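# Architecture and fold: a report
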Amino acid sequence: LPILYEDRSIVVFDKPAGIPVIPPREGGASIATETGLLVCHRLDTDTSGCLVMARSAAAHRILNEAFANQKVQKNYLAVAVGQLPDQGEVALAIGDWRRGRVSVGSGKNARTLYQVQWRAEDRIGILATPLTGRTHQIRAHLAAAGAPLVGDPTYGGPAADRLYLHAARLVLPWPRAGDRLELASPVPPGFSNPGQK
């Protein structure tokens, strides 16, 4: 796996789409089992981008606390269909994960900020910033707002070659990097405005 950053305590991978972070329910390999590293946060199997993992229990504890206390800034790129205002916020509770999806409207509070980056034909490029960290949050929130993601039929999006959701940027408190570590993953094909050259 490509590495964006590493030190004695953590490794930040540039995770490709299609690789699970933790073992799937039906069994099989995952990044956690293959590397032996500790999971600090999760990306869906079909989501690509910045993935932070810990080499020690102490680092794992520090990073888990940072994610739990919303001290980590996360920016995702998404490509969706439908319509959205140029920018806004989706503040809808997210329920438990059941049968491959989450419910929206009841459960734990969840907030996602979004900004439309481009519009082309029937697609829109979105920069999404989840302020909470619920399972499927961006996918469920954007679908509920009328813009399901390309490659996400679970939430009403059209089928595609992949799920068009990419963890593009992470900023986290980290003492070994001068108290603040900023990480960026290169933009994969298909996420840029097709109308621009």
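Heads up: the structure comes first, above all this text.
Below or above, wherever it landed, is the structure these notes cover. As the structure is a computational prediction, the values presented were derived from the model and not from experiment. (Residues numbered from 1 in each chain as written. Predicted model: local features only at pLDDT ≥ 70, side-chain atom pairs only at ≥ 80, totals over all residues. Heavy atoms only, no water.)

### So, the overall build of the chain
Tallying secondary structure elements over the chain gives three helices and 12 strands in all. Compactness check: the chain gives a C-alpha radius of gyration of 16 Å against a globular reference of 16 Å for 197 residues, within 12% of the reference. Referenced to the eigenvectors of the C-alpha coordinate spread, the extents of the chain come out at roughly 45 × 40 × 30 Å. Long-range contacts, defined here as pairs at least 24 residues apart, represent 59% of the contacts in the chain between residues at least 6 apart. Accessible surface for the chain amounts to roughly 10,100 Å². Of this, 48% is attributable to carbon and sulfur atoms. Within the chain, one finds 22 positive and 17 negative side-chain charges whose respective centroids are separated by 5 Å. (Helix = DSSP H or I, 4+ residues; strand = E, 2+ residues; numbered from the N terminus. Rg over C-alpha atoms; globule rule 2.2 N^0.38 Å. Contact = heavy atoms within 4.5 Å. Areas by Shrake-Rupley, 256 points an atom, 1.4 Å probe, with all protein chains shown as cover. Lys, Arg positive; Asp, Glu negative; His and termini not counted. Charge placed at Lys NZ, Arg CZ, Asp CG, Glu CD.)

### Quick word on helix α2 (residues 57-68)
With 12 residues, α2 should reach 16 Å at 1.5 Å per residue; the first-to-last C-alpha distance of 16 Å fits that figure. On the buried face of α2, the contacting elements are β2 (10-15), β4 (48-54), β5 (73-81) and β11 (165-174). The positive-phi residue at the C-terminal boundary of α2 is Q70, with phi of around 55°. (Expected span 1.5 Å × (residues − 1).)

### Section: the pairing of strand β1 (residues 3-6)
Two faces, one strand: in a regular strand the side chains alternate between the faces of the sheet. Two elements, β1 and β2, share three bridges in a ladder whose sense is antiparallel. Residue pairing for β2: I3 is matched across the bridge by F13. Where β1 folds back on β2, the antiparallel hairpin that results is connected by three residues. (Pairing = 2+ DSSP bridges.)

### A look at the environment of F67
Tracing the sequence through the fold places F67 in helix α2. The buried category is assigned to F67, whose relative accessible area is 15%. Non-local contacts of F67, meaning those with residues more than four positions away in its chain, are made with C40, H41, V72 and K74. (Buried < 20%, exposed > 50% of the residue type's maximum accessible area, 1.4 Å probe, protein only.)

### Things to note about the nonpolar core
Within the largest apolar cluster, 26 residues are counted, with the highest numbers of intra-cluster contacts made by M53, Y76, L84, I126, L142, L149 and L165. Listing elements by their share of this core, those giving two or more residues are β2, α1 (31-35), β4, β5, β9 (111-120), β10 (123-130), α3 (137-144) and β11. Residues contacting L84, with those up to four places away along its chain left out, are Y114, V116, R119, I124, I126, L142, A145 and A147. The next biggest cluster of nonpolar side chains, apart from the first, holds 17 residues, and it includes C40, A66, L170 and W174. (Core = buried A, V, L, I, M, F, W, Y, C linked by side-chain atoms within 4.5 Å.)

### Let's talk about the side chain of T47
When you line up the elements, T47 lands in the loop between β3 (38-39) and β4. Here T47 falls in the buried class, since its relative accessible area comes to 2%. Excluding residues within four positions of it along the chain, T47 makes contact with K15, P16, A17, Y76, R162, L163, L165, H166 and A167.

### Brief notes about the state of the cysteines
Inspection of every chain in the model, using the stated rule, returns zero disulfides. Cysteine C40 remains unbridged, with the sulfur of C50 as its closest cysteine sulfur at 13 Å. A relative accessible area of 6% places C40 in the buried class. A relative accessible area of 0% places C50 in the buried class. (Disulfide = S-S within 2.5 Å.)

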